[in-house]
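Take a look at the letters that make up each chain.
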Amino acid sequence: MRIAFVSLETVHHRDTETNRRLQSTLELLGDAGHDVHLFCARFWDGDSPTLERDDVTYRAVTDDPDARRSFCLRLPFDLGAAGPDIVHATARPPTALLAAGWGARLARAPLVAEWYGDGGVDDDRWTRRAAKRGDRIVAPSELVATWVRERGADGDRVETVPNPIDLERVRDVTPDDRVDVVYARRLDEGANLESLLLGLAELRGRDWTATVIGDGPEREAYERLARDLRIEDRLSFVGDCSLEERIAAYRGAHVFAQTAEHCVFPTEMLWALAAGCVGIVEYHVDSSAHELVEGWERGFRTTSEDELADAILSAGDLEHRTFDDRFADYDRSAVAERYLEQYRTLREEYGLL
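Described in the following lines is the structure provided in the data block. Everything numeric in this text was worked out from a predicted model, so none of it was measured.

Criteria and cut-off values
- Residues numbered from 1 in each chain as written.
- Predicted model: local features only at pLDDT ≥ 70, side-chain atom pairs only at ≥ 80, totals over all residues.
- Heavy atoms only, no water.
- Helix = DSSP H or I, 4+ residues; strand = E, 2+ residues; numbered from the N terminus.
- Rg over C-alpha atoms; globule rule 2.2 N^0.38 Å.
- Buried < 20%, exposed > 50% of the residue type's maximum accessible area, 1.4 Å probe, protein only.
- Contact = heavy atoms within 4.5 Å.
- Areas by Shrake-Rupley, 256 points an atom, 1.4 Å probe, with all protein chains shown as cover.
- Lys, Arg positive; Asp, Glu negative; His and termini not counted.
- Charge placed at Lys NZ, Arg CZ, Asp CG, Glu CD.
- Pairing = 2+ DSSP bridges.
- Right-handed = clockwise from strand over helix to strand, strands pointing away.

1. Notes on the overall build of the protein chain
At step 1: Tallying secondary structure elements over the protein chain gives 12 helices and 16 strands in all.
At step 2: Its C-alpha atoms give the protein chain a radius of gyration of 22 Å, within 12% of the compact-globule value 20 Å for 353 residues.
At step 3: Once the C-alpha set of the protein chain is aligned to its principal axes, its extents read approximately 70 × 40 × 35 Å.
At step 4: Across the 353 residues that make up the protein chain, the buried fraction comes to 54%.
At step 5: Once local pairs closer than 6 in sequence are excluded, the contacts in the protein chain between residues at least 24 apart make up 67%.
At step 6: Looking at the protein chain as shown, the accessible area adds up to about 15,800 Å², and 42% of this sits on carbon and sulfur atoms.
At step 7: For the protein chain, the separation between the mean place of its 44 positive charges and that of its 69 negative charges on side chains is 5 Å.

2. Quick notes on unusual backbone geometry
At step 1: The step from R92 to P93 runs through a cis peptide bond, and the omega angle for that step is 0°.
At step 2: Among the secondary structure elements, P93 is positioned in the loop between β5 (86-90) and α3 (94-107).
At step 3: A positive phi angle, close to 55°, is found at R108, a residue other than glycine.
At step 4: Looking at R108, the relative accessible area reads 68%, which means it is exposed.
At step 5: For N192, which is not glycine, the phi dihedral falls at a positive 55°.
At step 6: With respect to the element layout, N192 can be found in the loop between β9 (179-184) and α7 (193-202).

3. Things to note about the pairing of strand β10 (residues 210-213)
At step 1: On β10, burial covers both faces: A210 and V212 on one face and T211 and I213 on the other are all buried.
At step 2: Direction of pairing for β9 relative to β10: parallel, over a ladder of 4 bridges. Of the residues in β10, the one forming a bridge with V182 is T211.
At step 3: Taken together, β9, α7 and β10 form a β-α-β motif whose crossover is right-handed.
At step 4: In the sheet, β10 pairs with strand β11 (residues 235-239) via 4 bridges, with the strands oriented parallel. The residue of β11 that forms the bridge with T211 is S236.
At step 5: In this fold, β10 hands off to helix α8 (residues 219-228), which returns the chain to β11; that crossover is right-handed.

Below, the structure is given as C-alpha cells:
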C-alpha cells in the first residue's frame, strides 16, 4: 500500500512526543513492507526534493518548517501528483490537516486525521474546522478522543490507537537488581514527583527501595525534598537512561508509579507494565494513564498521597513478574495492524478494493 503521511514538522526538526509518535508509525508501516512517504518541511542538506531513509521517503513541500502558508498551498498538489492509496495527516498545525484534506480529494484517497494532543488541543477557529475533517480520526487515548469530540469531531469516526512497544525487546533484556518502586519521566514542572515522595515518606517505617529515572530542571528540587523527608538513603536518582537500561530496571522493579499531571499516552508506563510491574496511577484530569490500569487486578488508581502509600502496600501482596503478556495488543505488529485495518476499511468504503 502506498501511504502518504503529512506533517509539517518531524522528529528530525524537533524531538517532541507528537513527532516521536509519527516516527514510530512511519517505521511500523515501513518495516511491514508498505510504500511510506512523508510530506514535510526539508530537514536534510542539499537541494534534492526527496530523501530515502530507513524504508521511508521524505518529500520536501517547503524548506522552512515556519513557512506554514507555503506548505499548505503546495501540499494539495504534491499529494494529488503522488497518487497515494491513503493520506494520513497530523493535526499540528490544523491548517496543514485542512490542506491535506484537499490533497486527498485530488488524489481520490481516504483521509486519516491524527490528533496526538501533546500540549492539549486548542479551541480556536482553525482547530474546530480541522476537527471535522477526516474519514477516520485517530487519537492515542480516550482522553484525547474526548478533546477532539469537544472540538466538533464526529464521534463515530474517532478511533483510539495506542503508542506501540516491542514485547520481544522486553523479553530479551536481563532484569536489573530488585527494587520496590520505580518512577521514570523528565523531571520538569509537570513531573509531580512530589506525590510519590510524600507517599513513600508515609511508609518511612517500612522496608522499601525506590529508583527515579530521568533528568530535568526540577531534579535538584526533588533531591532536596527527598532529603527533607528523610528518605534519600533508600531512593536513587539515576538520571537519564537508555531504553535497554530502563527496561532492565522495570523488569527488576515491583511497582511503577505514574503521578505526572499531563500525559496523553503513558508510553513509559506501558513498557514497565509489559515488563511485569504493578501499575499505580495518581489520577489527574489531563492524564490518560489511568486508562491502562482500569479493571486490571495489578493496577491501582489513587487520588492522594495516602492512597498512593496504601496502594504500594497492597501491591506488595502481588507476585513479582518480569513480563506480562496481557499487553500483547500494544506490540508493534498489533498496532501496525490496527492502522492497516483502518486503511483497508476506508478504501473498501471508497470502492477502491
